[in-house]
Amino acid sequence: MKMIMAIVQDKDSNRLANKLIDADIRATKLSSTGGFLKSGNSTFIIGIEDKRIEEALKLIEETCQSRKQYVSSPITLDISLDGQVPYPVEVEVGGATVFVLPVEGFYHY
Ligand code: 2BA
C-alpha cells in the first residue's frame with residue numbers, strides 16, 4: 001500500500017474528488033495553502049493499493065490543469081526611488097504536485 005499526497009488547485013478539486021469517487025478510490029481532501037502564493041489549494045490524501053497507483057496518478061494528471069497566476073512581488077525600480085513597488089510576476093502553477101509515500105501500516109476500525 002502507498003499514500004498519494006496530491007496538491008492541486010482549488011479550481012480542479014471538486015472535479016478530482018468526483019472522479020475519485022467514480023473510480024472507487026478513497027480519498028480525504030484537506031484545505032491547504034501554498035507557501036509561495038499564500039493562496040488556497042487542496043491536498044488529497046489517498047491510501048491506495050500498489051496495483052492501482054498508476055490508475056490514480058493518471059486520473060490526477062488528466063483532471064488537473066496547470067494555469068498561469070500572478071503574484072505581486074515587491075521590487076525596487078530605481079536607486080533614486082525610495083522604497084519598493086509591487087510588480088506582478090507570472091508563475092506557472094502546476095496541475096498537481098504529487099508525492100507517493102510508503103505506508104507502514106493501515107488500520108480501519
Ligand atoms: P505555492 O507554494 O503557492 O506555489 C505556487 C507556484 O509558484 C508554484 O507552482 C511555482 O510555479 C511557483 N513557485 C513556488 N515557489 C517558488 C519560488 N520560490 N520561486 C519562484 N516561483 C515559485 P507549483 O510548483 O506547481 O506548486 C503548486 C503548489 O504545490 C505550491 O503552491 C505548494 O502548495 C505545493 N508544492 C509544490 N512543491 C512542493 C514541495 N516540494 N513540497 C510541498 N509542497 C509543494
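Values in this document were obtained by computation on a predicted structure and should not be read as measured data. (Residues numbered from 1 in each chain as written. Predicted model: local features only at pLDDT ≥ 70, side-chain atom pairs only at ≥ 80, totals over all residues. Heavy atoms only, no water.)

1. A look at the overall build of the protein
Looking only at helices and strands, one finds two helices and six strands in the protein. Taken from the N to the C terminus, the helices and strands of the protein come in the order β-α-β-β-α-β-β-β. Here the protein holds 109 residues, and the buried ones make up 25% of them. A sequence separation of at least 24 residues applies to 67% of the contacts in the protein between residues at least 6 apart. (Helix = DSSP H or I, 4+ residues; strand = E, 2+ residues; numbered from the N terminus. Buried < 20%, exposed > 50% of the residue type's maximum accessible area, 1.4 Å probe, protein only. Contact = heavy atoms within 4.5 Å.)

2. A word on the pairing of strand β1 (residues 2-9)
Here eight bridges tie β1 to strand β3 (residues 40-48), and the two strands are oriented antiparallel to one another. Paired with V8 across the strands is S42, a residue of β3. Relative to strand β6 (residues 96-102), β1 is paired through seven bridges, and the arrangement is antiparallel. Of the residues in β6, the one forming a bridge with I4 is V100. (Pairing = 2+ DSSP bridges.)

3. Overview of the nonpolar core
The biggest cluster of nonpolar side chains holds 14 residues, and the ones touching the most others in it are L16 and I46. Contributing elements (two or more residues each) for this core: β1, α1 (10-22), β3 and α2 (53-63). The leading source of residues in this core is α2, at four residues. Beyond its immediate stretch of four places on either side in the chain, I46 contacts K2, M3, I4, L20, I25, R26, A27 and I60. (Core = buried A, V, L, I, M, F, W, Y, C linked by side-chain atoms within 4.5 Å.)

4. Re the side chain of R67
Residue position: R67 is located in strand β4 (residues 67-75). Judged by its relative accessible area of 17%, R67 falls in the buried class. Separated by 2.9 Å, the side chains of R67 and D12 make a polar contact. Residues in contact with R67, not counting those within four places in the same chain, are Q9, K11, D12, V91, E92 and V93. (Polar contact = N/O pair within 3.5 Å; in protein donor to acceptor, adjacent residues only side chain to side chain.)

Any functional reading would require information beyond the geometric quantities listed.
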